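Given next are the chains, with one letter for each unit.
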Amino acid sequence: MSEDRTENAVLFEIKKLLDSEGLVAARLVESVTRTAQMAATTVPEIQDLFSQWLSLIGGEVLRMSEAAPEMDILATAKMIGIEPSSLLSILLLLHRAGRLSIGAIRIDKGTGRNSEICSCLMETEEDA
């Protein structure tokens, strides 16, 4: 009976190792894909389009900040149609450029998940 438990424990550890290697491989594929996508942004036309988009969104954020100096990041990002992390990046860009000044930030508890990583790659042992 002891041998059965040992064999089951070894099989369980092998399964965990294989599952872990599968996640590592998936993250590697995602990383390579993101790198390839980022390389595409070095094309001058794409950079111009991104600059125009950033200017439009930045202008909207400035307009909103002038109308109401306090900003709900989640609600504002949803209204504009971008992620909250993108709105924070734009606010920081505008702050660094001197177009607005960030005077206060309210911090809430996070979700514990990295929103920049595909949820399919966040699977844990408990989820499997």
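Above: the structure in question.
Residue positions are counted from 1 within each chain, in the order its sequence is given. Selection of residues for local features in this predicted model requires a pLDDT of at least 70, selection of side-chain atom pairs for listing and counting requires 80 or more, and totals for whole chains, interfaces and linings are taken over all residues. Note: side-chain values were computed over all heavy atoms of the structure, leaving out hydrogens and water.

Engineer: Any chance you could explain the side chain of Ser-65 here in plain terms?
Structural biologist: Going along the chain from the N terminus, every DSSP run of H or I of four or more residues is numbered as a helix, and every run of E of two or more is numbered as a strand. Of note, Ser-65 is situated in helix H2 (residues 44-67). Engagement of the side chain of Ser-65 in a polar contact is seen with the backbone oxygen of Leu-62, the distance being 2.8 Å. Residue contacts are counted whenever heavy atoms from the two residues lie within 4.5 Å of one another. Ignoring any residue separated from it by four or fewer positions in sequence, one finds Ser-65 in contact with Met-71 and Leu-100. Between N or O atoms, a polar contact is any pair within 3.5 Å; within protein, one atom must be a potential hydrogen donor and the other a potential acceptor, and residues adjacent in sequence are included only when both atoms are from side chains.

Engineer: I would appreciate a short explanation of a nonpolar patch on the surface in the present structure.
Structural biologist: Side chains of Val-10, Leu-11, Ile-14 and Leu-18 sit close together on the surface and give an oily, nonpolar patch of about 370 Å² of accessible area. By the element assignment, Val-10 lies in helix H1 (residues 2-40). Residues enter patches when they are more than 30% accessible in relative terms and free of salt bridges; like-charged ones are connected within 9 Å and nonpolar ones (Val, Leu, Ile, Met, Phe, Trp, Tyr) within 5 Å. Surface accessibility in these figures is a Shrake-Rupley result with a 1.4 Å probe; residues are shielded only by whichever protein chains are displayed. By salt bridge we mean one thing: a side-chain nitrogen of Lys or Arg within 4 Å of a carboxyl oxygen of Asp or Glu.

Engineer: Is there a simple way to explain the environment of Ile-57 in this structure?
Structural biologist: Considering the arrangement of structural elements, one finds Ile-57 in helix H2. A C-alpha to C-alpha distance of 7.9 Å links Ile-57 and Ile-80, two positions 23 residues apart in sequence. Ile-57 has contacts with Ile-80, Ile-82 and Ile-90, leaving out every residue within four places of it along the chain.

Engineer: Help me understand the packing of H2 against helix H4 (residues 84-96), please; the structure alone is not making it clear to me.
Structural biologist: The axes are straight lines fitted to the C-alpha atoms, using for helices just the contacting stretch, and the angles between their N-to-C directions are given from 0 to 180°. Where H2 contacts H4, the two axes come as close as 10 Å, and the packing angle between them is 85 degrees. With respect to their mutual orientation, H2 and H4 come out roughly perpendicular. Touching Trp-53, Leu-54, Ile-57, Gly-58, Val-61 and Leu-62 of H2 are Leu-87, Ile-90, Leu-91, Leu-93 and Leu-94, all from H4. Here the nonpolar group is Ala, Val, Leu, Ile, Met, Phe, Trp, Tyr, Cys and Pro; Asp, Glu, Lys and Arg are the charged ones; every other residue, Gly included, is treated as polar. Of the residues assigned to the contact of H2 with H4, the class counts are 10 nonpolar, 1 polar and no charged. Should an angle fall under 35 degrees it is called roughly parallel, over 145 degrees roughly antiparallel, and 65 to 115 degrees roughly perpendicular, with every other angle called oblique.

Engineer: Which parts of the structure should I look at to understand the side chain of Thr-76?
Structural biologist: Along the polypeptide, Thr-76 turns up in helix H3 (residues 73-80). Relative accessible area serves as the criterion here: at 7%, Thr-76 is assigned to the buried category. Among the polar contacts made by the side chain of Thr-76, one reaches the main-chain carbonyl oxygen of Asp-72 at a distance of 2.8 Å. With near-sequence residues (within four places) excluded, Thr-76 lies in contact with Met-64, Met-71 and Leu-87. Only protein chains enter the accessibility calculation, which uses a 1.4 Å probe; a residue is then buried when its area is under 20% of its type maximum, exposed when over 50%, and partly exposed in between.

In short, geometric facts, not functional conclusions.
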